[in-house]
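Letter by letter, the chains look like this.
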Amino acid sequence: FEERPDAVVQYAINQHSDMEAMNPTSVNTIRIMTMMIDGEIIPLSTCARIGASGNKVDNFSSGGFAWGGQCDGSLTEYGYKSNGDRAKIHDNGYVFKEGKIPYYDKALKLSMDLHYRVPMFGIISWDFAIDRDGDIVFIEYNVGQGQIDLHQYNNGAIYGEFFDRILDDTFRNFTTRGATSRFDYSVSNDTIRITGANARLRKLSIPPAIDGRKVVRIVDNAFSEPKNVRIIDIKEGT
């Protein structure tokens, strides 16, 4: 620790036997994608993430597999690697359609409960492991694009009946609300702080409010990058 004061130490995960059977050298995890819409949490997609033989990690970038999960925790027939290669059987001989995610209902409930704690994110991919006692171990959550390719490889188009609604909201953000395509901002105590600018702009107009929230501050160095912003127009009332 004297040489590496930034080191992080945590307990080793002794995973559930059903997860270990998928590939014993890696901690195999569940990724559940949830969406918040109109204040309700909707589960969109589930995948099992399974390491390649001999690997300690389960992620795509290290050659791992992703298999689709169904509502009862069972796995789909085919799984994929990051390059799109499809297979029915792991390279260690494990037949995935015979597999099942243990305690899936507990992991699903946890992902939905946790999403309510971070309602500023519309879509989140949650990663969990399952220990030998059946307890759900929270690994991390992924926002932004949430590695949507992994979900859609395995479970197809995931937005379903919500697709048109999401598309409408996306266009509204870039047209009616406009500001979201021109600069970055953060929300705190129901007020707005401008944090950065779109790299393609030369002129930037800052309104007094965004979605009913007052713009109270432009943070230091917000426009130091990109260098091409030349004119900043601060509207009256800002």
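Every value quoted in this text rests on a predicted model; they were computed, and no experiment measured them.

Asker: Give me the lowdown on the overall build of the protein chain, citing residues and values where you can.
Answerer: When helices and strands are counted, the protein chain shows 4 helices and 13 strands. When the 238 residues of the protein chain are sorted by exposure, 38% land in the buried category. For the protein chain, the proportion of contacts with a sequence separation of at least 24, taken over those separated by at least 6, is 53%. In the structure as shown, the protein chain presents an accessible area of about 13,800 Å², 49% of it carried by carbon and sulfur atoms.

Asker: Quick one: what's the story with the confidence of the model for the protein chain, residue by residue and with numbers?
Answerer: When pLDDT drops low, the exact placement of atoms in the prediction is not to be read closely. A residue-level look at the protein chain finds 84% of positions with pLDDT of 70 or above and a mean pLDDT of 83. Across the protein chain, the element-wise mean pLDDT spans from 61 in strand β13 (residues 231-234) up to 96 in helix α2 (residues 104-115). Here residues 175-180 is modelled with pLDDT under 50, and outside its nearest four sequence neighbours on either side it reaches 9 contacts, counting other chains as well.

Asker: So what's going on with the sheet that holds strand β4 (residues 75-80)? Which residues, and what values?
Answerer: Strand order in this open sheet of 7 strands is β5-β4-β3-β2-β1-β6-β7, and the pairing throughout is antiparallel. Every other strand in the sheet has two partners, leaving β5 (86-87) and β7 (136-142) as the edge strands with one partner each. In this sheet, β5 lies alongside β4 in antiparallel orientation, the contact comprising 2 bridges. When the bridges of β5 are listed, Gly79 appears paired with Ala87. Strands in contact with α2 are β1 (29-37), β2 (40-50), β6 (123-130) and β7; relative to β1, the strand with the most contacts, it is inclined by about 40 degrees. Lying over the sheet, helix α3 (residues 148-155) contacts β1, β2, β3 (65-69), β4 and β6, oriented at roughly 85 degrees with respect to β2.

Asker: Kindly report on α2, identifying the contributing residues and their values.
Answerer: Relative to the 16 Å expected for 12 residues at 1.5 Å per residue, α2 spans 17 Å between its end C-alpha atoms, a close match to the ideal helical length. Every buried residue of α2 is accounted for by Tyr104, Ala107, Leu108, Ser111, Leu114 and His115. One side of α2 holds all its buried residues, which, seen down the axis, span an arc of 135 degrees. Among the exposed residues of α2, those pointing more than 90 degrees away from its buried face are Asp105 and Lys109. In this structure, the buried side of α2 is in contact with β1, β2, β6 and β7.

Asker: I'd love a proper account of the nonpolar core, names of residues and values included.
Answerer: The biggest cluster of nonpolar side chains holds 22 residues, and the ones touching the most others in it are Ile30, Ile32, Leu75, Ile101 and Phe128. Here Ile101 is in contact with Ile30, Thr46, Ala48, Gly73, Leu75 and Ile130, once residues within four sequence places are set aside.

Asker: Report on the packing of aromatic side chains, specifying residues and quantitative values.
Answerer: Counted under the stated rule, the structure contains 10 aromatic pairs. Aromatic side chains Tyr80 and Tyr153 sit 5.5 Å apart centroid to centroid with 25 degrees between the ring planes, which places their arrangement in the stacked category. Here the residue Tyr80 occupies a position in strand β4, and Tyr153 occupies one in helix α3, the gap between them amounting to 73 residues. The exposure class assigned to Tyr80 is buried, which follows from its relative accessible area of 17%. Note on Tyr153: relative accessible area 30%, which makes it partly exposed. Geometrically, the ring pair formed by Trp126 and Phe138 is tilted, given 6.0 Å between the ring centres and 50 degrees between the ring planes. Taken together, the residues Trp126 in strand β6 and Phe138 in strand β7 connect sequence positions 12 residues apart.

Asker: So what's going on with the sheet that holds strand β11 (residues 209-210)? Residues and values would help.
Answerer: Taken together, the 4 strands give an open sheet; going across it, the order is β8-β9-β12-β11, and neighbouring strands pair in mixed fashion. Edge strands, defined here as strands with exactly one partner in the open sheet, are β8 (183-188) and β11. Direction of pairing for β11 relative to strand β12 (residues 213-218): antiparallel, over a ladder of 2 bridges. Bridged to Ile210 within β12 is Arg213.

Asker: Go over unusual backbone geometry, please, and point to the residues and values.
Answerer: Excluding glycine, a negative phi dihedral is what most residues carry, and trans is how most peptide bonds are arranged. The residue Asp38 is not glycine, and still its phi comes out positive at about 55 degrees. Secondary-structure assignment places Asp38 in the loop between β1 and β2. The residue Asp190 is not glycine, and still its phi comes out positive at about 65 degrees. For Asp190, the position within the fold is in the loop between β8 and β9 (191-197).

The rules behind these values
Note that residues are indexed from 1 along each chain, following the sequence as it is written. Thresholds applied to this predicted model are a pLDDT of at least 70 for local features of residues and 80 or more for the giving and counting of side-chain atom pairs; totals over whole chains, interfaces and linings are not thresholded and use all residues. Based on all heavy atoms of the structure, the side-chain values leave hydrogens and waters out of the count. Elements are defined by DSSP. Helices are runs of H or I of four residues or more, strands are runs of E of two residues or more, and each kind is numbered from the N terminus. The buried label goes to any residue with under 20% of its type's maximum accessible area, the exposed label to any with over 50%, and the partly exposed label to all in between, with areas taken from a 1.4 Å probe on protein chains only. It only takes one pair of heavy atoms within 4.5 Å for two residues to be counted as in contact. Per-residue and other accessible areas follow the Shrake-Rupley method at a 1.4 Å probe size, with only the shown protein chains counted as cover for residues. Per residue, pLDDT captures the predictor's confidence, and it can take any value from 0 to 100. Between any two strands, at least two bridges found by DSSP are needed for them to pair. An axis is simply a line fitted to the C-alpha atoms; with a helix, the fit covers only the stretch in contact. Between two such axes, the angle follows the N-to-C directions and lies from 0 to 180 degrees. A helix's residues, less one, multiplied by 1.5 Å, set its expected span. This arc corresponds to the set of directions leading from the helix axis out to the C-beta atoms. For the purposes of this section, nonpolar cores are sets of buried Ala, Val, Leu, Ile, Met, Phe, Trp, Tyr and Cys residues that join through side-chain atoms within 4.5 Å. In this scheme Phe, Tyr and Trp rings, the latter by its six-membered ring, pair at centre separations within 6.5 Å, and the angle between planes marks the pair as stacked below 30 degrees, edge-to-face above 60, and tilted otherwise.

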